[in-house]
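# Remarks on the overall topology
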Amino acid sequence: MKRTLEVVFWCVVVLIGVPVFAALIYTILPKQSGVDGATVASDARLASENASDLAPTGELAEMFSFFSNATQIQRDEKEREIKGKIVRWRLPVYNVSERHGYYVVQTKSRPGLVSTFCYVRLSDDAAKQYVLSLKENDLITCKGQIAGTSMRSIEIRPAVLQ
């Protein structure tokens, strides 16, 4: 009986304890947030590319607004249609945060205007100071590639602020 309890104990430790410990280590370790040469080159390429004529207003804003009558399958279909397009939109700031090595500029959702998450990697101190100085309702111009949607907002990643 004692041997059986010992085996059960070690099974629990291995099956539950090890994954929990690994998850803790993963969350504690610092994330790499530096900007390498490839990132700077891709940002320069992105800044020079032509943007599509897709607007953050009209059908897109109506479909992804909080009170939209659109169904989830309609939003999923629209996401597939716009994913990968390069856009250049001037939008009001709601919040700025840092996530996985990116500065994330979240823009406001207003009637007739879609909300976005612009994922920006900053390559110099001047750009960083600009992003750190942003306040709610400041207008930014975010240019980047639509990566998908999240919480009825358009994710633009990678992005540059112009």
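Attention here is on the structure that accompanies the text.

Reading the values: the criteria
- Residues numbered from 1 in each chain as written.
- Predicted model: local features only at pLDDT ≥ 70, side-chain atom pairs only at ≥ 80, totals over all residues.
- Heavy atoms only, no water.
- Salt bridge = Lys/Arg side-chain N within 4 Å of Asp/Glu carboxyl O.
- Helix = DSSP H or I, 4+ residues; strand = E, 2+ residues; numbered from the N terminus.
- Phe/Tyr/Trp six-rings, centres within 6.5 Å; stacked < 30°, edge-to-face > 60°.
- Buried < 20%, exposed > 50% of the residue type's maximum accessible area, 1.4 Å probe, protein only.
- Lys NZ or Arg CZ within 6 Å of the ring centre and 35° of its normal.
- Pairing = 2+ DSSP bridges.

### Structural notes on the pattern of salt bridges
- Tallied over the entire structure, the rule returns seven salt bridges.
- Taking the shortest distance from any N to any O, the salt bridge between K78 and E59 comes out at 3.3 Å. Of this pair, K78 sits in helix α4 (residues 72-82) while E59 sits in helix α3 (residues 59-64), placing them 19 residues apart in sequence.
- Residues participating in the shared-partner salt-bridge network are E59, K78 and E81.

### Considering the environment of S109
- Its place among the elements puts S109 in the loop between β2 (102-107) and β3 (116-120).
- S109 sits 43 residues away from F66 along the chain, and the two C-alpha atoms are 8.6 Å apart.

### Considerations on the packing of aromatic side chains
- For the structure shown, the criterion picks out two aromatic pairs.
- Centre to centre, the rings of F66 and F67 are 5.0 Å apart; their planes meet at 80 degrees, and the pair counts as edge-to-face.
- Relative accessible area serves as the criterion here: at 65%, F66 is assigned to the exposed category.
- Lying over the aromatic face of Y102, R121 brings its terminal NZ or CZ to 4.2 Å of the ring centre.
- Sitting above the plane of the Y119 ring, R157 keeps its charged end 4.1 Å from the centroid.

### Considerations on the pairing of β3
- Burial within β3 is extensive, with five of its five residues counted as buried.
- Neither face of β3 is open: one carries T116, C118 and V120, the other F117 and Y119, and all of them are buried.
- As paired elements, β2 and β3 share four bridges and run antiparallel to each other. Opposite V105, over in β3, you have C118 as the bridge partner.

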